[in-house]
Amino acid sequence: MSEPDVYRMCPCGSGKKLKFCCQSVGAELDRAADLEERRQFDKAIAHLETVLQKGVREPSARTGVRLRLAIDLLRRESAGGAEVDLQKLRELVGDMITDTPDHLEVLGIDALLDLRERGYPGSQKTFSTLLQKTGDHESPCVSSAIIRLASELLSSGHTLAGMHFLRKGVMLTPAPGREAPYKDLLGLLQNVDILAPLRVNYRLMAPANRAKHQSAFDAAQKLFGDACFSDAAKALIPIVRDEPTDGAIWWNMGVCHACAAEEPLAVRAFTAGSGNFADPEAAADCLVMARLLDKPSEEEQVESVAQLFKVEMLSRLLSRLDTVPRLVRLPSAHDHDHDEDGRCANDEPSSTSYLVLDRPMSEVPAGATAAEFASVLGSLDLVSGDPTDGSHAVASLRCHGRETFQSVLAHLLENAGTDLIAMEEPRSLGGEFPEQALFDQANWFPQTQTMAQDVAASRAAAALQIERWFDQPQSLLQGKSPRNAAGVPELQIPLRAAVTLLELFAQRRRQIVDADSVRARLGLPAIPRNAPTFEELRDRGTIFSLRRLNAAAISRDALLPAIYELASINTPWGIPLMQQAVRQQLLPDAESRGHLESSLTTMLERHQEFGLCAETIREIIELSRKRKSSLQSVAVWEIKLMLQLALLGQADELQQVADRVWTYYLPKLPELRTVILAALRQLMPEGPWQSSDTPAQLAGATTAGGIWTPGVEPAAPAGKLWLPGT
Ligand SMILES: [Zn+2]
């Protein structure tokens, strides 16, 4: 037998080397790990229990065996095996703590148990102690307990708290397993469905009278840093009593309560803050936070409703639905032929989707104005049955609003005959504020010919939504519409907040609202722009202050940290700052510069700001030439520029760039041949590229030749459909 490697990681799961951990029971632990790898959890557990019964002399090795046992009990459960006996696990943890009181992994399991038994914020103190003891040490059990907490918080709607713990959890995850949670975190940070202010990593704002309250503020900050959020909020009470008009303290209390998953208290603190900030803009921001953390009341909310149906005969239903004038069948990824029972020829379940419109398509003329576009009332998804398990075809209907749902359902049943059989009562998928629901309204355009026409149509639809917002009654405005609230003095701050919410709801649908012009129409002053120093930005900065920055005047040392923080959060409020950083070539190395340029242009493209995007790309090309970047990366920017020009319908410049790409870049860059040809053929119907015999493949050129290149995926909807957010 070969000598076992004592410098490998200990199989107990402590993250330490075997020699300094459980060497005396190493073989036993290896046996358990081996069984576990083959998913024989019962055998692994029985083996470890036998080892314990025989007795293990050293306390640290004893903990090693028990720790492995605890992990196996939990893994067996999550693999669908026997549920964990909490009493037994509790005893196991108690024994481990007696033997090795400061063992991080043991404390991690302890916190996990506490979370199961008491939930959050019940287990807040346990997690806080855990985090303090853990410091910066990476630890598998601690990080998995924290990530578990984060996912429970996120799935129950406590977004700020969940994001906070997910960040911590990822930081503490040892490298081999970090990838998955890190990806989850990035996904959430970039997820525009979560409104931007709920994705921010908040710090506490310094009190206005800092000198006087330094020690109390330090104490609160320490508690906040240790994830003792409820206590941090309590520690702020003396300051707020002393300085009730310092809105920053109310803001801090709101942030603390939100991180503690105590949203109702957070809403109260933010609301109080809105009445106390001397600065009307900051007061409005407090109201925005209060609104975002509050759930809409039942009578004001617009519910998303869904219902599942059994389909009697799919092929018959599909041919009927195809004749209904208000239904549009969406092109499916793989359109196969269906046999008699609606099954696909290749036996895989197939899906078909329809949109239900508010009017027949034929009533929308070719040159329709936005007001004449059809509105999408709901969607119907049909999935064929699976012959291998004998399951039948099902249909699922989804709509915004109960009334809409009822009318759409009636329309469908009238046309579907007896082929749709309800399998359940209509169920709610959650409600939202009416002013938010307005932006979830999708439109269906008439057939258009060019990308630029599609863009123009979607912009017209977006502009119409904003027009409608002016007449949307809002509870923030005491049930008045923004238009009617405009002249009411006591509604001036709520009105500012309403405009910010408009921006946020539109951002979620990838639209950028010109807040200053909306405010001007409501008689509100433009947002004041300032150029804070780095210290001011750090001490009083919130995501909302991004809108108030004068990017052109801000100093380099204030801009850089703001950019790093911004880079992770996908919000158009950061666009001016990012542009400034690109222009000043602020980032030190080529890689981060590349990322910044790429995320800026991608964001502009996603928000359909194609003009600004083209302008930015021209600047980037100019800068890239000056700093002698690789020809390849410049070429990819040129291709990206072509796409923007096509979307804008700027034929002349598009022709120039296309000629340049064809005559200059293509001969020099054979490795980009496929990408260049695909782009030219897609965007330019006429030219020598169309007759070249090189096979065309569509874009997908995020990495070409091993160096970083910006993505060139087409941003515009390919068909005539424009759904916000897609
Ligand atoms: Zn060990």
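Note that the coordinates shown come from a computational prediction; the quantities given were computed from them, not determined experimentally. (Residues numbered from 1 in each chain as written. Predicted model: local features only at pLDDT ≥ 70, side-chain atom pairs only at ≥ 80, totals over all residues. Heavy atoms only, no water.)

(A) Spatial organisation of the packing of aromatic side chains. Counted according to the given criterion, the structure contains 12 aromatic pairs. Look at Trp 662 and Trp 689: their rings are 5.7 Å apart centre to centre, the planes differ by 75°, and that puts the pair in the edge-to-face class. In this pair, Trp 662 is assigned in helix α29 (residues 651–668) and Trp 689 in the loop between α30 (673–683) and β9 (703–704), connecting sequence segments 27 residues apart. Of the residues examined, Trp 662 reaches a relative accessible area of 21% and is grouped as partly exposed. With centroids separated by 4.9 Å and ring planes inclined at 85°, the aromatic side chains of Tyr 664 and Tyr 665 adopt a geometry described as edge-to-face. We classify Tyr 664 as partly exposed; its relative accessible area is 37%. Put simply, the rings of Tyr 120, Phe 127, Phe 165, Phe 224 and Phe 229 pair up and form one aromatic cluster. Geometry around Phe 433 places Arg 291 over its ring, the cationic atom sitting 3.7 Å from the centre. (Phe/Tyr/Trp six-rings, centres within 6.5 Å; stacked < 30°, edge-to-face > 60°. Helix = DSSP H or I, 4+ residues; strand = E, 2+ residues; numbered from the N terminus. Buried < 20%, exposed > 50% of the residue type's maximum accessible area, 1.4 Å probe, protein only. Lys NZ or Arg CZ within 6 Å of the ring centre and 35° of its normal.)

(B) Representation of the coordination of the zinc ion within the structure. Protein ligation of the zinc ion involves Cys 10 (SG), Cys 12 (SG), Cys 21 (SG) and Cys 22 (SG), the donor distances falling in the range 2.2 to 2.3 Å. One can describe the donor arrangement at the zinc ion as tetrahedral, given that its four donor atoms subtend angles of 102 to 115° at the metal. Donor residues for the zinc ion, ordered by position in the chain, follow C-x1-C-x8-C-C. Of this pair, Cys 12 sits in the segment before α1 (26–37) while Cys 22 is found in the segment before α1, placing the two residues 10 residues apart along the sequence. (Donors = N, O, S within 2.8 Å, 3.2 Å for Na, K, Ca; no water. Tetrahedral: all angles 85-135°; square planar, octahedral: opposite > 155°, others 65-115°.)

(C) Geometry of the pairing of strand β3 (residues 351–357). Most of β3 sits out of view: five of its seven residues are buried. Relative to β3, strand β2 (residues 327–329) runs antiparallel, the two sharing three bridges. Note on β3: the bridge partner recorded for Val 328 is Leu 355. Direction of pairing for β3 relative to strand β4 (residues 374–383): antiparallel, over a ladder of seven bridges. What sits directly across from Val 356, in β4, is Gly 378. (Pairing = 2+ DSSP bridges.)

(D) Up close: unusual backbone geometry. Cis geometry marks the peptide bond from Tyr 120 to Pro 121, where omega comes out at 15°. A positive phi angle, near 65°, is found at Ala 261, a position not held by glycine. Checked against the element boundaries, Ala 261 lands in the loop between α13 (247–259) and α14 (263–276). Residue Ala 261 is classed as buried on the basis of its relative accessible area, which comes to 11%. Unusually for a residue other than glycine, Lys 628 sits at a positive phi of about 55°.

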